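The lines below spell out each chain.
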Amino acid sequence: MAGEGEPDSEKTFKLLGILDVQNIPCSRESILYGSLGSLVVGLGHFLATSRVRRSFDFGMGGFVLTTLGCWIYCRYNHAKLRIQQRIIQEGMRNKILYESSDFDPERKQNSNLGSKS
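Residues numbered from 1 in each chain as written. Predicted model: local features only at pLDDT ≥ 70, side-chain atom pairs only at ≥ 80, totals over all residues. Heavy atoms only, no water.

## Some thoughts on the state of the cysteines
Counted by the stated rule, this structure contains one disulfide. A disulfide bridge connects C26 with C74, and the sulfur atoms are separated by 2.1 Å. Judged by the sign of its S-S torsion, about -70 degrees, the cystine formed by C26 and C74 is left-handed. Taken together, the residues C26 in the loop between β2 (19-20) and α1 (27-49) and C74 in helix α2 (residues 52-98) connect sequence positions 48 residues apart. Residue C26 is classed as buried on the basis of its relative accessible area, which comes to 6%. Free of any disulfide, C70 has its nearest cysteine sulfur in C74, 8.5 Å distant. (Disulfide = S-S within 2.5 Å. Helix = DSSP H or I, 4+ residues; strand = E, 2+ residues; numbered from the N terminus. Buried < 20%, exposed > 50% of the residue type's maximum accessible area, 1.4 Å probe, protein only.)

And the structure:
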């Protein structure tokens, strides 16, 4: 009976207290790819030069660039998908509205084909 009356509140992970990683599209993938990019760039630079501080700087730069690159690419594709969905929904709505009416484009095409023959 301890759980009765309490709403199911799922804990979300907020990065730096502002970025809700669970609910914002593309944030999780961008952070994961950014961390992998920073590891690769930082470790690669360290193995090449053996300079710790400079390798850390390169790793941070790799994180920022990889995260922003993945974020922009993913958000662009997400926006493009939403626009396509909106166009399809509008087309379906118009199809339902115009079906069997005088404004139906298919009906006009069929009547034009019948009169030409």
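## Topic: α2
Along an α-helix, residues three or four apart share an orientation, since each turn contains 3.6 residues. The end-to-end C-alpha separation of α2 is 68 Å, in line with the 69 Å expected for 47 residues at 1.5 Å each. Among all positions in α2, only S55, G59, G62 and T67 are buried. Against the buried residues of α2 lie α1. Backbone geometry just after α2 places S100 at a positive phi near 65 degrees. (Expected span 1.5 Å × (residues − 1). Contact = heavy atoms within 4.5 Å.)

## Observations regarding the environment of S35
Among the secondary structure elements, S35 is positioned in helix α1. Spatially, the C-alpha atom of S35 lies 5.7 Å from that of F63, the residues being 28 residues apart in sequence. Here the side chain of S35 touches L32 through a polar contact of 2.8 Å, landing on its backbone oxygen. (Polar contact = N/O pair within 3.5 Å; in protein donor to acceptor, adjacent residues only side chain to side chain.)

## Let's talk about the packing of α1 against α2
Running from N to C, α1 and α2 point in directions that differ by 150 degrees, and their axes come no closer than 7 Å. Comparing their axes, α2 and α1 come out roughly antiparallel. Our pair here, α1 against α2, has a crossing hand that is right-handed. Among the residues making up the contact of α1 with α2, the classes are represented as nine nonpolar, 14 polar and one charged. (Axes fitted to C-alpha atoms, helices over the stretch in contact; angles between N-to-C directions. Parallel < 35°, antiparallel > 145°, perpendicular 65-115°, else oblique. Left-handed = near helix turned anticlockwise from the far one by under 90°. Nonpolar A, V, L, I, M, F, W, Y, C, P; charged D, E, K, R; others polar.)

## So, the environment of H45
Counting through the fold element by element, H45 comes out in helix α1. The buried category is assigned to H45, whose relative accessible area is 17%. Every residue in contact with H45, bar those within four places of it in the chain, is listed here: S50, R54, S55 and F58.

## Thoughts on unusual backbone geometry
Residue C26 is not a glycine yet carries a positive backbone phi of 75 degrees. Backbone geometry places S50, a non-glycine residue, at a positive phi of 60 degrees.

## Comments concerning a nonpolar patch on the surface
On the surface, a nonpolar cluster with roughly 570 Å² of combined accessible area is contributed by Y33, L36, L39, V40, V41 and F58. Take L36: it is sitting in helix α1. (Patch = residues over 30% accessible without salt bridge, like charges linked within 9 Å, V, L, I, M, F, W, Y side chains within 5 Å. Areas by Shrake-Rupley, 256 points an atom, 1.4 Å probe, with all protein chains shown as cover. Salt bridge = Lys/Arg side-chain N within 4 Å of Asp/Glu carboxyl O.)

## Observations regarding the side chain of T67
Position of T67 relative to the elements: it lies in helix α2. For T67, a relative accessible area of 12% translates into the label buried. Discounting residues that sit within four places of it in the chain, T67 has contacts with S30, I31 and G34.

Geometric values such as these leave the question of function open.
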